[in-house]
Amino acid sequence: MPADLSGTWTLLSSDNFEGYMLALGTSVRSGGAAWRTSIVCWQSCLGSSGSLSGIDFTTRKIAKLLKPQKVIEQNGDSFTIHTNSSLRNYFVKFKVGEEFDEDNKGLDNRKCKSLVIWDNDRLTCVQKGEKKNRGWIHWIEGDKLYLEMFCEGQVCKQTFQRA
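Presented here is an overview of the structure given in this document. (Residues numbered from 1 in each chain as written. Predicted model: local features only at pLDDT ≥ 70, side-chain atom pairs only at ≥ 80, totals over all residues. Heavy atoms only, no water.)

1. Overview of the pattern of salt bridges
Under the counting rule described, the total for this entry stands at three salt bridges. A salt bridge links Glu-152 to Lys-131; the nearest nitrogen and oxygen atoms lie 3.6 Å apart. Of this pair, Glu-152 sits in the loop between β9 (144–151) and β10 (154–162) while Lys-131 sits in the loop between β7 (122–128) and β8 (134–141), placing them 21 residues apart in sequence. By relative accessible area, Glu-152 is classed as partly exposed at 38%. We classify Lys-131 as buried; its relative accessible area is 12%. (Salt bridge = Lys/Arg side-chain N within 4 Å of Asp/Glu carboxyl O. Helix = DSSP H or I, 4+ residues; strand = E, 2+ residues; numbered from the N terminus. Buried < 20%, exposed > 50% of the residue type's maximum accessible area, 1.4 Å probe, protein only.)

Structure (structure tokens):
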């Protein structure tokens, strides 16, 4: 039986988030309350005005300081994940085993095909698009939620605690 990831989770620690953001390295624009799976992921803190060649230094430094909250709603293999921070919020909805189109607006502004599967008790997402080897993995150990986000050889490891 797959793990139940439901709950409200607060970020405790993040390792190599800046390296992960550098690997995403593309135009980032402001606008919209979108984030990505992620998750996915508290990358909702990304964004800046205008179009840039890469995620700028200031945005990366601010993003590293945020302590987002993740709300996961799980009903069998259907998931809704909200990632909320003081700068931006992101929402994603998917069903395990069904590929879906993902728009990473407000993150790196790329569109990709995402597929989330169970790998034992780990929820694993593979994203196919411009960036190679991109995706994430969520799992629970004890009272902690773990998230690994990866892109082109960079891995960000995050730990969350129930709020």
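2. A look at the side chain of Lys-70
Along the polypeptide, Lys-70 turns up in strand β2 (residues 69–75). It turns out Lys-70 is buried and unbridged, and the closest side chain with the opposite charge, Glu-102, is 10 Å from it. (Lys, Arg positive; Asp, Glu negative; His and termini not counted.)

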